[in-house]
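Tertiary structure, described
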There are 2 protein chains.
Amino acid sequence: MAKKKGISGFPEWLPEQKRLEDELIRRVRALYESHGFVAIETPAVELIETLTSKGVVDKEIYALRRLAAEGESEAELGLHFDLTVPFARYVAAHFNDLVFPFKRYQLQKVWRGERPQKGRFREFYQFDIDIVARDTLPLACDAEVISVLGKALLALEIGTPRLKLNNRKLLVGYYEGLGVPETEIPAVISIIDKLEKIGEGEAARLLSELPLGDSERQRILEFSTHRIAGADFKSFVEGCDLGSELAEEGAEELVTILALVPEQLLPYIEVQLQIARGLDYYTGTIVESEIVEHPEFGSVGSGGRYEDLVSKYLSKKVPGVGVSLGLTRIMDLILRNDLLPLPSQSPCRVLVTVLNEAERPAAESFGESLRSEGVSTEVFFRSPKLGKQIDYAHKKGIPYVVFLGEEQSVKVLATGEQVSFDALSELFSLLRK
Amino acid sequence: MAKKKGISGFPEWLPEQKRLEDELIRRVRALYESHGFVAIETPAVELIETLTSKGVVDKEIYALRRLAAEGESEAELGLHFDLTVPFARYVAAHFNDLVFPFKRYQLQKVWRGERPQKGRFREFYQFDIDIVARDTLPLACDAEVISVLGKALLALEIGTPRLKLNNRKLLVGYYEGLGVPETEIPAVISIIDKLEKIGEGEAARLLSELPLGDSERQRILEFSTHRIAGADFKSFVEGCDLGSELAEEGAEELVTILALVPEQLLPYIEVQLQIARGLDYYTGTIVESEIVEHPEFGSVGSGGRYEDLVSKYLSKKVPGVGVSLGLTRIMDLILRNDLLPLPSQSPCRVLVTVLNEAERPAAESFGESLRSEGVSTEVFFRSPKLGKQIDYAHKKGIPYVVFLGEEQSVKVLATGEQVSFDALSELFSLLRK
């Protein structure tokens, strides 16, 4: 027999789990749209040369090969591993058809051709938003993207979100002020980026391999320990010497952004100076987020500001700011920890029973009247004993069971109550309760 | 510069086109759910051995290869080319967690590794429904699937749907009754399946290559010309000799199904005896559909009944019936023929203008109050002259522009009318108009 189990790293949900995922998608999408983000979708497939144009990630790419190609020469194609590279190519391709600022959301699977290992997804959803504009982009956009991320995490109702902000200029400027040579700064950032994962001891060891003085190393680590509540950051900056103009500029950007975030989100925001984000294209604001009750789960959404989106394709300046929500990771967190109740296995509210096959046309036509009033309805596919049909409604979580015939009635499965009704309108008022 | 254009065969829509696609998806999904179909999603990727287990379609498969695999041996993976094979694997994998009859819908991209050519999609959406059960499945399910396909095509509002039905037993039984040898029947079906595309002359030529008598060939072609309105099929069957029990059984199945389809759908249904469906797993009902005003576009949704879904994976009998809606094909039809108006480029109803940056916090907070009342709102990202901001709303199709300050007002772009308002509630009643 052929194998029937799924493939490791390619998650697959049961119907009630998929319904939960769809509900989360619905909430986040409604939020994104309420801020004017519009959906786009790009093919799953890009030219390999597009995917590798940043040079660093080629080892995670799944390349495609037509089984029947037989050596024909053809452009090399691969599956996208994130939504940022395809978005950049999209903006360049449709530059003259888009209105800027262009605010897009994008919900798609991405693929990483990693060696199979436990807990690592090789196919997963990302749910991104970005705002891009021509030439310059005001900090109001950073504030909006951070606010929307915070509101999205709140809308999921899976715990207390914590948004961890930092700024690349603040980080780089501070290191420069300490006298860290420019060439060593990327290495320092990459170590600080891993600080939470590897611990201070290991970070100190890694820093000791760089050509830095002891006091520099010490101050780099000390600086990373700062965690300042969003509401306190302004006074923190006023009371501290950041050591360089660039660092001051980065701090000022954060102050401006925090002033524009809705007040009710401020308690969820911390400026954490160890947030560094490995990717080298971030130039200002950086953000990570976690669920406070589940810090072990790591970042559930992250992003930042970049100064250059399309220069690989087009000689235009297009800065942007965006975040990516790790939807599959969040679903995994929810399912492992039972954070949300699962919906029923059926989207139906009503099951219409069928006494015998001669009654089926009447049952179907009754079902149609319910559907035309917006009530999702299933007519049972056979006509076994009514107990079996009620049992089916129980198993699928269909809350109301209708019996037709001389006396029409509806059974409310939650209470066991059975109520007769004469007209459809009586049934509707029951369903509306 | 890197290439920015998309890849031939991998369609990509502009934001307003994607909004239209999302609206079509919303309508069809609502319809599917109103009948109790539940969403599932399977990975884009399956084992190649799963994909090729039917043996016929391997030449269209895209196989995956990890760019960084360097000769490690690993299970061979490929992208699914339809949603039926993954659905079969899914039902087998989760057999004990599913409640039967299992009614699922599935909206996913599929990939066909075809040689690039104009008008051929290599990545496209399918939007499938299937009903499967254990051991046997009543004809009421065939009727439901056909009804839902008809209602889905009506919900798209792109023209008059025509559902073309036939039945494999009717076809095979009629050929048997004519004396066509059993071994030649698949070849006959495959020729009849292409009849509409290749024309009667070419079909006659192909039939003449088979070991059939002239009168058999003639009667096969004659039989194929029958097109019977759904409402007339019963009397057609009563008045005609189908020549075998199997054919009679197939015809009776169609009569039963037609009696269960909602009356208002009957005018859209024709039994067309040339509908044959190439795929060999169909065993009873077969259905294709087209938009009457665009016959040149071919089938927009098709399917049928099969007796065996999971025997490749599991020793269970699981018959089913389903149809697949060609969503990308339908979108292409709509866009090429301007069949539906495109939505605006933004999901926002209101643009809040910003007089100067000092007013931004007040504007943001006003925007938040609108959003909390369910009104999607964008706050302009900069504060240039108001004319520029209004212009932006025009370009993105945002219908209302709000001006704050001492006197608050809203401009209705469609009419040019500008109305002052004191309280938010006044604005809401304006927006509700």
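So, how was this worked out
- Residues numbered from 1 in each chain as written.
- Chains lettered and ligands numbered in written order.
- Predicted model: local features only at pLDDT ≥ 70, side-chain atom pairs only at ≥ 80, totals over all residues.
- Heavy atoms only, no water.
- Helix = DSSP H or I, 4+ residues; strand = E, 2+ residues; numbered from the N terminus.
- Buried < 20%, exposed > 50% of the residue type's maximum accessible area, 1.4 Å probe, protein only.
- Contact = heavy atoms within 4.5 Å.
- Areas by Shrake-Rupley, 256 points an atom, 1.4 Å probe, with all protein chains shown as cover.
- Lys, Arg positive; Asp, Glu negative; His and termini not counted.
- Charge placed at Lys NZ, Arg CZ, Asp CG, Glu CD.
- Domains from an automatic or database assignment.
- Least-squares fit on C-alpha atoms with pLDDT ≥ 70 in both.
- Core = buried A, V, L, I, M, F, W, Y, C linked by side-chain atoms within 4.5 Å.
- Salt bridge = Lys/Arg side-chain N within 4 Å of Asp/Glu carboxyl O.
- Polar contact = N/O pair within 3.5 Å; in protein donor to acceptor, adjacent residues only side chain to side chain.

Thoughts on the overall build of chain A
Each helix and strand counted, chain A has 14 helices and 17 strands in total. For chain A, the spread of C-alpha atoms along the principal axes amounts to about 90 × 60 × 45 Å. Every one of the 433 residues in chain A was classed for burial, and the buried ones make up 59%. Counting contacts in chain A only where the partners sit at least 6 residues apart, residues at least 24 apart contribute 68% of the total. If you sum the accessible surface of chain A, you get close to 17600 Å²; carbon and sulfur atoms cover 49% of it. Once the 52 positive and 67 negative side-chain charges of chain A are each reduced to a mean point, those two points are 6 Å apart.

Let's talk about the domain arrangement of chain A
Assigned domains within chain A: domain 1 (15–337) and domain 2 (350–432). Relative to domain 2 of chain A, the C-alpha centre of domain 1 of chain A lies at a distance of 50 Å.

Examining the relation of the copies chain B and chain A
Taken as rigid bodies, chain B and chain A are interconverted by a rotation of 180° and an axial shift of 0.0 Å, the fit giving an RMSD of 0.1 Å. Such a turn and shift between the copies fits a two-fold axis. By C-alpha distance to the rotation axis, the residue of chain B lying nearest is B:L64, at 2.4 Å. Interface overlap between copies is the fraction of interface residues in one copy that are interface residues in the other; for chain B against chain A it reaches 100%, indicating a shared surface.

Concerning the side chain of B:E16
With respect to the helices and strands, the residue B:E16 is situated in helix 1 (residues 15–34). Once you skip the residues sitting within four places of it in the chain, B:E16 turns out to touch B:L342, B:P343, B:S344 and B:Q345.

Quick word on the nonpolar core
Within the largest apolar cluster, 95 residues are counted, with the highest numbers of intra-cluster contacts made by A:Y32, A:L170, A:Y175, A:V188, A:I220 and A:F233. Aside from chain neighbours lying at most four places away, what touches A:L170 is A:F223, A:F233, A:L242, A:L246, A:A247, A:G250, A:A251, A:L254 and A:L273. Core analysis: the next-biggest nonpolar cluster, separate from the first, contains 94 residues, A:F403, B:L156, B:I189 and B:V323 among them.

A look at the interface of chain B and chain A
Chain B puts 105 residues into the contact, and the matching count from chain A is 105 residues. Seen at the junction of chain B and chain A, the total is 13 salt bridges. At the surface where chain B touches chain A, the tally comes to 34 residue pairs in polar contact (both at pLDDT 80 or more). For the side of chain B that touches chain A, the leading source of residues is helix 1 of chain B, giving 7 residues.

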